[in-house]
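Descriptive analysis of the structure
For reference, the chains in residue letters:
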Amino acid sequence: MGVKCRACVAIVFILLLLGSMWLYGNLADHWNACPKVSSVKNKVLSFIRVNSSDDDVAPLRMCPGQRFQVADLLAHLQAAPVSTNDVLLKPYLASWDELIKFLEALGPMVGLISQEIESKTAIIRDLAQKAEKEAEKKMKEKRTHQQSDSVLIISHNSSSDYSEMNHRLSFGYTSVRSMIKWELENGLVWPQTNSGCRTLLRLHRALLWLQNFLLELGKDTTEGENLRSPSDLCKETYQRTLAHHHTWWVRKAAELAFLAMPERPYFYQLVCVETQAEAAVVLNRVVRAIEEVYERNEVTLQEHSMLDLP
């Protein structure tokens, strides 16, 4: 069956069976339906590691006329890790912005999945904005109190400014660890709500799927060996990762959407390369950056027993 025919079949089935679930937000309940399986076991079996050496340090090319830029994606991913065991939320969410553009570029059916992911990033950003306003209010109250006390005014120097900056860096939704601490201290995780922790877990699972897919898509082959279709690779990586956390209906909708996925030459265009060998270099750099972010979040969520949040 040709690509256009497969695309038509996918469009017809999805629009008739599950279009409303994707388009009108009813998918949230199905997305959050997470059977109690062993998360650690699934991660071990599903996570694929590539060589950690990175000799290809040349900057990636920007692609004129495209919304998705692989160079921007890599930059955001590399900016996210901080200290030795944490991830900054702003670059992490910015990397998801690029991944959303990547999914949208694959066509309207695959792009429907990006709408659900985008709703998750919006939840965390809204929570971060509320926490930031609360922090600003508290800091204003603190400054007002300091100004009313002459002793505090005299002692207010660069050292106190530095302490205030450190406080802000560890406050609220600055990083994954600060977000978890903030939500646990403020009772935002339980009862079951659209908390940042719970939403991050959904994004975390989706990131594992995309990491697997991009790695398989970027594998180089020996001369004469046939390359597998992106549609098949996307379906298989979905089945061994994200599908474990979806209902039967959502799994079938996703698999139908993957039928409409374009062929390899289109992916070359997306990442500004012309051959599979060039694509392997670019995509493996992205995959290594995803690994760093994913592993840090995996450890953090596991430390706080959040890998199975309902």
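Residues numbered from 1 in each chain as written. Predicted model: local features only at pLDDT ≥ 70, side-chain atom pairs only at ≥ 80, totals over all residues. Heavy atoms only, no water.

Section: the overall build of the protein chain
What counts is decided by this rule: The helix count covers DSSP runs of H or I at least four residues long, the strand count covers runs of E at least two residues long, and both are numbered beginning at the N terminus. A contact between two residues is defined here by any heavy atoms of the two lying within 4.5 Å. The protein chains shown are the only cover counted for residues, whose accessible areas, like all others here, come from Shrake-Rupley with a 1.4 Å probe.
Within the protein chain one finds 15 helices and two strands. Across the protein chain, every contact between residues at least 6 apart in sequence was considered, and the portion connecting residues at least 24 apart equals 76%. Surface summary for the protein chain: the accessible area is close to 15600 Å², and the carbon and sulfur share equals 57%.

Quick word on the state of the cysteines
The test is simple: We call a pair of cysteine sulfur atoms a disulfide when they lie within 2.5 Å.
All chains considered together, the criterion is met by one disulfide. Residue Cys 63 pairs covalently with Cys 272 via a disulfide, S to S 1.4 Å. On the criterion of sequence distance, the pair formed by Cys 63 in the loop between α4 (39-46) and α5 (70-79) and Cys 272 in the loop between α14 (264-270) and α15 (276-303) is long-range, its members being 209 residues apart.

Overview of helix α11 (residues 196-217)
Keep this limit in mind: Multiplying 1.5 Å by the residue count of a helix minus one yields the expected span of that helix. Exposure is judged per residue with a 1.4 Å probe applied to protein chains only, and the accessible area is read against the type maximum: over 50% gives exposed, under 20% gives buried, and values in between give partly exposed.
With 22 residues, α11 ought to run about 32 Å at 1.5 Å a step, and its terminal C-alpha atoms sit 31 Å apart, in line with that. Of all 22 residues in α11, 22 are buried; the element is thus mostly enclosed.

A short note on the confidence of the model for the protein chain
As a reminder of what qualifies: A residue's pLDDT is the confidence the predictor assigns to it, expressed on a 0 to 100 scale.
Across the protein chain, the average pLDDT comes to 78, with 69% of residues at or above 70. Under a pLDDT of 50 for its full length, residues 12-46 has, in the predicted model, 68 contacts with residues more than four places off or in other chains. Below a pLDDT of 50 lies the segment residues 150-167, which in the model reaches nine contacts outside its immediate sequence neighbourhood of four places, other chains included.

Observations concerning the environment of Val 87
Here Val 87 lies in strand β2 (residues 86-87). With a relative accessible area of 1%, Val 87 lands in the buried category. Along the chain, Val 87 and Arg 296 lie 209 residues apart, while their C-alpha atoms are 7.0 Å from each other. Beyond its immediate chain neighbours, meaning those up to four positions away, Val 87 contacts Ala 80, Pro 81, Val 82, Tyr 92, Ser 175, Val 176, Val 293, Arg 296 and Asn 297.

Section: unusual backbone geometry
Here the phi dihedral of Ser 83 falls at roughly 50 degrees; this positive angle occurs in a residue that is not glycine. Of note, Ser 83 is situated in the loop between β1 (81-82) and β2. At Ser 305, a residue that is not glycine, the phi angle is positive and equals roughly 55 degrees. Relative to the assigned elements, Ser 305 resides in the segment after α15.

Remarks on the packing of aromatic side chains
Rules: Two aromatic rings from Phe, Tyr or Trp, using only the six-membered ring of Trp, form a pair when their centres are within 6.5 Å; if the ring planes differ by under 30 degrees the pair is stacked, by over 60 it is edge-to-face, and anything between is tilted. Consider the ring centre and the ring normal. A charge sits over the ring if Lys NZ or Arg CZ is within 6 Å of that centre and within 35 degrees of that normal.
Tallied over the full model, the rule gives seven aromatic pairs. Judged by centre distance (6.2 Å) and plane angle (55 degrees), the rings of Phe 102 and Phe 267 are tilted. Here Phe 102 is found in helix α6 (residues 89-104), whereas its partner Phe 267 is found in helix α14, with 165 residues between them in sequence. In this structure, Phe 102 and Phe 267 share a single accessibility class: buried. Members of the aromatic cluster, joined through ring pairs, are Phe 68, Phe 102, Phe 213 and Phe 267. Sitting over the face of the ring of Trp 190, Arg 198 holds its NZ or CZ atom 5.2 Å from the ring centroid.

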